[in-house]
There are 2 protein chains.
Amino acid sequence: MNETLNILDKRRSVRSFLEKEITPEDAKAIKIATLRAPTAGNMTLYSVIEVTDQKEKETLATLCDDQPMIAKAPMVWIFLADMQKWVNYFQEGGSKAKGEQKNLAAWRNPGLGDLHLCLQDAIIAAQTSVIAAESLGIGSCYIGDILENFEQVKTVLNLSSYTIPACMVVFGYKKNQQEIKLTPRCLEESIFMENQYQELHLDQLEAAFSPLEKQRRATNSLPFDNTGSIADYYYFKKHTSDFMEEMNRSTAVMFDHWTKA
Amino acid sequence: MNETLNILDKRRSVRSFLEKEITPEDAKAIKIATLRAPTAGNMTLYSVIEVTDQKEKETLATLCDDQPMIAKAPMVWIFLADMQKWVNYFQEGGSKAKGEQKNLAAWRNPGLGDLHLCLQDAIIAAQTSVIAAESLGIGSCYIGDILENFEQVKTVLNLSSYTIPACMVVFGYKKNQQEIKLTPRCLEESIFMENQYQELHLDQLEAAFSPLEKQRRATNSLPFDNTGSIADYYYFKKHTSDFMEEMNRSTAVMFDHWTKA
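How each quantity is defined
- Residues numbered from 1 in each chain as written.
- Chains lettered and ligands numbered in written order.
- Predicted model: local features only at pLDDT ≥ 70, side-chain atom pairs only at ≥ 80, totals over all residues.
- Heavy atoms only, no water.
- Phe/Tyr/Trp six-rings, centres within 6.5 Å; stacked < 30°, edge-to-face > 60°.
- Helix = DSSP H or I, 4+ residues; strand = E, 2+ residues; numbered from the N terminus.
- Buried < 20%, exposed > 50% of the residue type's maximum accessible area, 1.4 Å probe, protein only.
- Lys NZ or Arg CZ within 6 Å of the ring centre and 35° of its normal.
- Patch = residues over 30% accessible without salt bridge, like charges linked within 9 Å, V, L, I, M, F, W, Y side chains within 5 Å.
- Areas by Shrake-Rupley, 256 points an atom, 1.4 Å probe, with all protein chains shown as cover.
- Salt bridge = Lys/Arg side-chain N within 4 Å of Asp/Glu carboxyl O.
- Lys, Arg positive; Asp, Glu negative; His and termini not counted.
- Charge placed at Lys NZ, Arg CZ, Asp CG, Glu CD.
- Contact = heavy atoms within 4.5 Å.
- Buried area = accessible area lost by both parts, 1.4 Å probe.
- Polar contact = N/O pair within 3.5 Å; in protein donor to acceptor, adjacent residues only side chain to side chain.
- Nonpolar A, V, L, I, M, F, W, Y, C, P; charged D, E, K, R; others polar.
- Pairing = 2+ DSSP bridges.
- Expected span 1.5 Å × (residues − 1).
- Disulfide = S-S within 2.5 Å.
- Axes fitted to C-alpha atoms, helices over the stretch in contact; angles between N-to-C directions.

*Asks:* Hey, could you go over the packing of aromatic side chains for me, with residue numbers and the actual values?
*Replies:* Under the definition given, this model contains 27 aromatic pairs over all chains. Arranged with centres 6.3 Å apart and planes meeting at 35 degrees, the rings of Tyr-89 of chain A and Phe-209 of chain B form a pair that is tilted. You can see Tyr-89 of chain A sitting in helix α5 (residues 84-92) and its partner Phe-209 of chain B sitting in the loop between α9 (202-208) and α10 (210-218), one on each of two chains. Here Tyr-89 of chain A and Phe-209 of chain B have matching classes, each one buried. Each ring, one from Tyr-235 of chain A and one from Phe-90 of chain B, has its centre 5.3 Å from the other, and the planes form 70 degrees; the classification is edge-to-face. Separated into two different chains, Tyr-235 of chain A in helix α12 (residues 230-239) and Phe-90 of chain B in helix α5 (residues 84-92) make up a pair that spans both. An aromatic cluster is built from Trp-86, Tyr-89 and Phe-90 of chain A together with Phe-209, Phe-224, Tyr-233, Tyr-234, Tyr-235 and Phe-236 of chain B, whose rings are joined through pairwise contacts. Between Lys-20 of chain A and the ring centre of Tyr-173 of chain A, over which it is positioned, the NZ or CZ distance is 4.2 Å.

See below:
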């Protein structure tokens, strides 16, 4: 196993970091690696907001389902799907394009296809930064809750029409590498399929997620006095939670913000 | 610079590969690394369809804006945002959850927040696979055009209600590593912002993308007899292209397929 595979294999999300700033050298190395991430047509359809202001970190910690660890993280990056830069460049520059555009009536506002492509670019960049960081001994965690409370997040981050959160990552030096235990994953064969999608049903799903259920049973974290299944766990803890309801509401507003700009 | 940073730094997308199958050992190593990618709540909200059937590769090559290189690629993976597995598991299993669901009327169909989270999971997994492959000397290229022709793609891939394409990657051994030249990127300072989004305007955008414009001018690939700008180039080649129009139409259908299932 080469060094990179070893890093990918050993990585797990960490939520608690050493109280130590990321050094400028390490931050720079992560930025350089991020910028090399593949991007559709080399258009870099994303931007990254680094949140350095402590009050803003605390506001975001509240908006992201009240997670104080966000405010404590040494480095907080929000990856935006960003088509705004190209809208501006098309409209303000490219005089010939503007001339043609009037003749051809070819102008169009960005749509959901652009949004999807921009999300891809931003998330590809994010995972590149996560792996670059990991190679430097810097742990990280994605914060899915950046999808909540879009109206407030938009104000806090000063988002333009064609910019939306793609994902959020917090970074910091790891506290104690020996302590990090890998989380069990579902079975590989439940993820990889050949030629066509195969819907999994109960028996297969129970087998696929048995390593997770076993782990939760061992730590007494299943519902109904630990007699429930991992499906019960996710159903109550995630699927029917207030934060998922909010995430669904907020993301609908977010997509409307883009398509109805 | 450590080995992983070096790999990230040297990677570029490649579209033409050695005519050599990916060895089972390398394919397995990529799968293992992919499965370790971070995933929201450890739910692995994605699946991967490996397209091995040559006829299906050719159909997808046509559906993805007529790109024969797809049919020639040794390994073709489509990453799906996949909430279907959990819908099935919630509905078929977890009798207590089902009982509660009836009492509490807590059942809800997946929404756009779920879709966004699933896209994140799938694309994070994809970029992990790309980097794992790169470390093994296997080149790759994302194919954005998998977002087109959703109705046909859905049929070809046998997609269920809560499964949509997140991205597509083709892989293969590189032909000649010496030949790979890095593509210039926009300036780093145009991507990374502090605390708030800063809309870029003409002067900044011209500076930000000048390395790309310079490259295209050097290779005579700008519009209007090479006097146009990089904004003109993207405006005509991408933004107002037939394939972007199709991508926008198709992605709207794709998202409806999910929300109106």
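*Asks:* Would you mind going over a negative patch on the surface in detail, with residue names and values included?
*Replies:* Residues Asp-65, Asp-66, Asp-242 and Glu-245 of chain A make up a contiguous surface patch of negative charge. Positionally, Glu-245 of chain A belongs in helix α13 (residues 242-259).

*Asks:* Please give an account of the interface of chain B and chain A that cites residues and values.
*Replies:* In many analyses, interface size is given as the accessible surface area lost on bringing the parts together. In this assembly, 128 residues from chain B lie in contact with 128 residues from chain A. Summed over both sides, the interface of chain B with chain A buries roughly 11500 Å², with 61% coming from carbon and sulfur. By the criterion of area lost to chain A, the three top residues of chain B are Arg-36, Tyr-89 and Tyr-197 of chain B, representing 8% of everything that side buries. The interface formed by chain B and chain A contains two salt bridges. In this structure, Lys-28 of chain A and Glu-188 of chain B form a salt bridge, with 3.1 Å as the shortest nitrogen-oxygen distance. Summed over the shared surface of chain B and chain A, the result is 68 residue pairs in polar contact (both at pLDDT 80 or more). Looking at the side of chain B that touches chain A, the element that brings in the most residues is helix α7 (residues 112-135) of chain B, giving 15 residues. Residue composition of the side of chain B that touches chain A, grouped by class: 65 nonpolar, 39 polar and 24 charged. Pairing between strand β1 (residues 46-51) of chain A and strand β5 (residues 192-194) of chain B: three bridges, direction parallel. Directly across from Glu-50 of chain A, in β5 of chain B, lies its bridge partner Glu-194 of chain B.

*Asks:* So what about α13 of chain A? Which residues, and what values?
*Replies:* Relative to the 26 Å expected for 18 residues at 1.5 Å per residue, α13 of chain A spans 26 Å between its end C-alpha atoms, a close match to the ideal helical length. Among the residues making up α13 of chain A, those that are buried are Phe-243, Met-244, Glu-246, Met-247, Asn-248, Ser-250, Thr-251, Met-254, Phe-255, His-257 and Trp-258 of chain A.

*Asks:* Please set out the state of the cysteines residue by residue, giving values where relevant.
*Replies:* If you walk through the whole model with that rule in mind, you get zero disulfides over all chains. Sulfur of Cys-64 of chain A: no disulfide; nearest cysteine sulfur belongs to Cys-141 of chain A and is 11 Å away. For the unlinked cysteine Cys-186 of chain B, the closest cysteine sulfur is that of Cys-118 of chain A, found at 13 Å.

*Asks:* Which residues make up the sheet that holds strand β2 (residues 75-82) of chain B, and what values do they have?
*Replies:* Strand order in the open sheet formed by five strands is β5(A)-β1(B)-β2(B)-β4(B)-β3(B), with mixed pairing between adjacent strands. A strand with exactly one partner marks an edge of an open sheet, and here the two such strands are β5 (192-194) of chain A together with β3 (138-142) of chain B. Within the sheet, the average angular offset between the axes of one strand and its neighbour, ignoring direction, is 30 degrees. Alignment of β2 of chain B against strand β4 (residues 163-173) of chain B, held across eight bridges, turns out to be antiparallel. The residue of β4 of chain B that forms the bridge with Ala-81 of chain B is Ile-164 of chain B. Each of β2 and β4 of chain B is contacted by helix α13 (residues 242-259) of chain B, which is oriented at about 125 degrees to β4 of chain B, the strand it contacts most.

*Asks:* Report on the side chain of His-116 of chain A, specifying residues and quantitative values.
*Replies:* Mapped onto the elements of the fold, His-116 of chain A is located in helix α7 (residues 112-135). Discounting residues that sit within four places of it in the chain, His-116 of chain A has contacts with Leu-119, Leu-147, Pro-165, Ala-166, Thr-251, Met-254 and Phe-255 of chain B.

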